[in-house]
Structures are given as C-alpha cells and as structure tokens.
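Take a look at the letters that make up each chain.
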Amino acid sequence: MATYIILLGPPGAGKGTQAEILTETTKLVHISSGDLFRENIQNQTKLGKLAKSYMDKGELVPDDVTIDMIRDRIARADCEAGAILDGFPRTPNQADELEKMLAEFGGQVNAVLYITANELILIERTSGRWSCRAQGHIYHQQFNMPKKPGICDYDGSELYHRDDDTAETVAIRIGVYLEQTMPLVEYYRKRGKLIEINGAQAVEQVTKDLLTALKDNYL
Ligand code: AP5
C-alpha cells in the first residue's frame, strides 16, 4: 500500500517547510496544493486564472477543481510509493474524496501531522516569508535567510513575496482555516490518524518531533 502523510495546520504554521525536509527523509514526493495553483497562475492556465481569483481574496478554491487537480497529480508515476500532502485536504469533502482516490490507487492515509502555532506567530511568519519563483523553496527574512539576499540557494531563481501574504489577506485565510479546515482535526482524530505537533518551536525541533512521531507510529 502506498503511504500518504498529510500536513495539516493554519497558514504559516510551517507545513511547506517541514514537507521539504520530510521528503528528503522519507523519499516520498511533496505535493503542495498551493504550489500547484501557483504554477498554474504562472503558466496562465484556465485553472490558474480561476484559482487566482480565490487565492487573492484569501478564500479556498472550489472543491471540484481542487480535487481534480490533486487526482491528476496523484495518478502520476512518481506517486507509486505515496506522497506527502501539504495543504490538501482542506475540507471534510476533500478528505472524503481523498479516501476514495486512494482506495482506487492502492494507497492509504498513514498519518496526519497537525502543526499548531498561535496567530501572532502565523502573522510574523507569513509577513516575513520569501518564496522561490522556480520551485517554491521557502525562506524567511529572519528565521531562514537565503545565502544571497533575494536569490534561492537551491536553483538560483528570484525570491518573491506571495500576493496573499499581506496582513489583511492572512487574517482572512486564518478565518477561513478556522471555519472550513479545523473540522478535519476531529475528522482525523476520530480515525486515529492525528498527531499534534507544536509548530511554535525552531524548525529543527519541529522536524525532530515530526520524525519521532512518524518513527514511533507509522514509518
Ligand atoms: P497554501 O499555499 O497551501 O497556503 P497555506 O496553507 O495558507 O499555508 P502557507 O503556505 O501559507 O504556510 P505553511 O504552513 O506552508 O508555512 P511555511 O512552511 O511556508 O494555499 C494558498 C491558497 O491556495 C489558499 O489560501 C487557497 O486559496 C488555495 N488552496 C490551497 N490548497 C487548497 C485546497 N486544498 N483547497 C482549496 N484551496 C486551496 O512557513 C511560513 C514562514 O515561516 C516561512 O517564511 C518559513 O521560513 C517560516 N517558518 C516555518 N517554520 C518555522 C519555524 N518553526 N520557526 C520559524 N520560522 C518558520
């Protein structure tokens, strides 16, 4: 059975940062729904235009197109062993659809890593975040600086500040998260999959806690 690990948590909690590290350790591919949408925006696809109209407002992109996009991604050969899902599912309906997809592709959700942090931390992290244009590598102006200002360490591409990281949009995204995504905490707790991790620690300590939890239970 293919292994799927879900990273759940509010905007800026550190899901993407930890997914980049976990993918090295587990050798599972990293699938970020946000990155897939941003790729579509950059390539000016029809999906990208639709997604942008929601993302700029801090709202969720409708379930039907999001589910289809993830389905297409999971169907690719590099997901044969499974994947680390970052930012998907985000609603109970998306979680139900994921179950169906994985049953079809011969996979299962092994663990849901729920990374927590308070609102002040989320704002500090999103307001100082820089992302790489080519592959979405993640930096922070204070906590995780690139070697050369404005340039990605890994691929040399330009670093940019995400359009949805303004204070106003982040506040909306946190509200949307509380209303639409928080129900997934109970959803996965009831299924015995949820592992809560304190995301308000240094990156290295969060990684240590994630790996310990995964080794003890799932890997
Ligand atoms: P998405 O891109 O998924 O954004 P998000 O879930 O809001 O999460 P973020 O990427 O903002 O934060 P993160 O938790 O990954 O934190 P990161 O590691 O970068 O989604 C964007 C939009 O796309 C959504 O609003 C929605 O419109 C749409 N969308 C996406 N998925 C969807 C879905 N399934 N359904 C519908 N719509 C969807 O870290 C943040 C910063 O903090 C970085 O600068 C990092 O360097 C720093 N940092 C990380 N960890 C630490 C630490 N421990 N200590 C100090 N700094 C840290």
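Note: the structure precedes this text.
Everything quoted here is computed from the prediction, not taken from an experiment.

**Q** What is the right way to look at the sheet that holds strand β8 (residues 194-198) in this model?
**A** In a beta sheet, neighbouring strands are held together by backbone hydrogen bonds and run either parallel or antiparallel to one another. Sheet architecture is open: 5 strands sit in the order β2-β3-β1-β4-β8, paired in parallel fashion. Strands at the two margins of the open sheet, each flanked by one partner only, are β2 (29-32) and β8. Within this sheet the neighbouring strands show an average axis-to-axis angle of 25°, counted without direction. As paired strands, strand β1 (residues 2-8) and strand β3 (residues 82-86) are joined by 5 bridges and run parallel to one another. The partner of Y4 across the bridge, within β3, is A83. Each of β1, β2, β3 and β4 (107-116) is contacted by helix α1 (residues 15-26), which is oriented at about 165° to β3, the strand it contacts most. The strands that helix α2 (residues 33-42) touches are β2 and β3; relative to β2, the one it contacts most, it runs at about 70°.

**Q** Sorry, what's going on with the site of the ligand here?
**A** Inspection of the region around the ligand gives 35 residues, with T17, E59, R90, R129 and R173 positioned closest. Within the backbone of A13, a nitrogen or oxygen atom sits 3.2 Å from an oxygen atom of the ligand. One nitrogen or oxygen atom from the main chain of V61 is found 3.0 Å from a nitrogen atom belonging to the ligand. Considered on its own, the ligand offers 1,000 Å² of accessible surface; in the complex 97% of this is hidden by protein. If you list the elements that add at least two residues to the shell around the ligand, you get α1, α2 and β6 (138-140).

**Q** Got a minute to help me understand the nonpolar core in this structure?
**A** Nonpolar side chains in soluble globular proteins tend to end up buried together. Counting residues in hydrophobic clusters, the biggest one holds 32 residues, and the most contacted among them are Y4, I31, I70, I74, L85, L98 and Y188. Excluding its chain neighbours within four sequence positions, the residues that come into contact with L98 are I6, I74, L85, F88, P89, V109 and Y188. Core analysis: the second largest hydrophobic core is formed by 22 residues, A19, A117, I121 and L122 among them.

**Q** What am I meant to see in the pairing of β1 here?
**A** Where a strand is regular, its side chains alternate between the two sheet faces. For β1, a buried count of 7 out of 7 residues is recorded, marking the element as mostly surrounded by other parts of the structure. The two faces of β1 match: A2, Y4, I6 and L8 on one face and T3, I5 and L7 on the other face are all buried. With 7 bridges joining them, β1 and β4 adopt parallel strand pairing. Bridge pairing in β4 places L7 opposite L113.

Rules of the game
Residues numbered from 1 in each chain as written. Predicted model: local features only at pLDDT ≥ 70, side-chain atom pairs only at ≥ 80, totals over all residues. Heavy atoms only, no water. Pairing = 2+ DSSP bridges. Helix = DSSP H or I, 4+ residues; strand = E, 2+ residues; numbered from the N terminus. Axes fitted to C-alpha atoms, helices over the stretch in contact; angles between N-to-C directions. Contact = heavy atoms within 4.5 Å. Near = heavy atom within 4 Å. Polar contact = N/O pair within 3.5 Å; in protein donor to acceptor, adjacent residues only side chain to side chain. Areas by Shrake-Rupley, 256 points an atom, 1.4 Å probe, with all protein chains shown as cover. Core = buried A, V, L, I, M, F, W, Y, C linked by side-chain atoms within 4.5 Å. Buried < 20%, exposed > 50% of the residue type's maximum accessible area, 1.4 Å probe, protein only.

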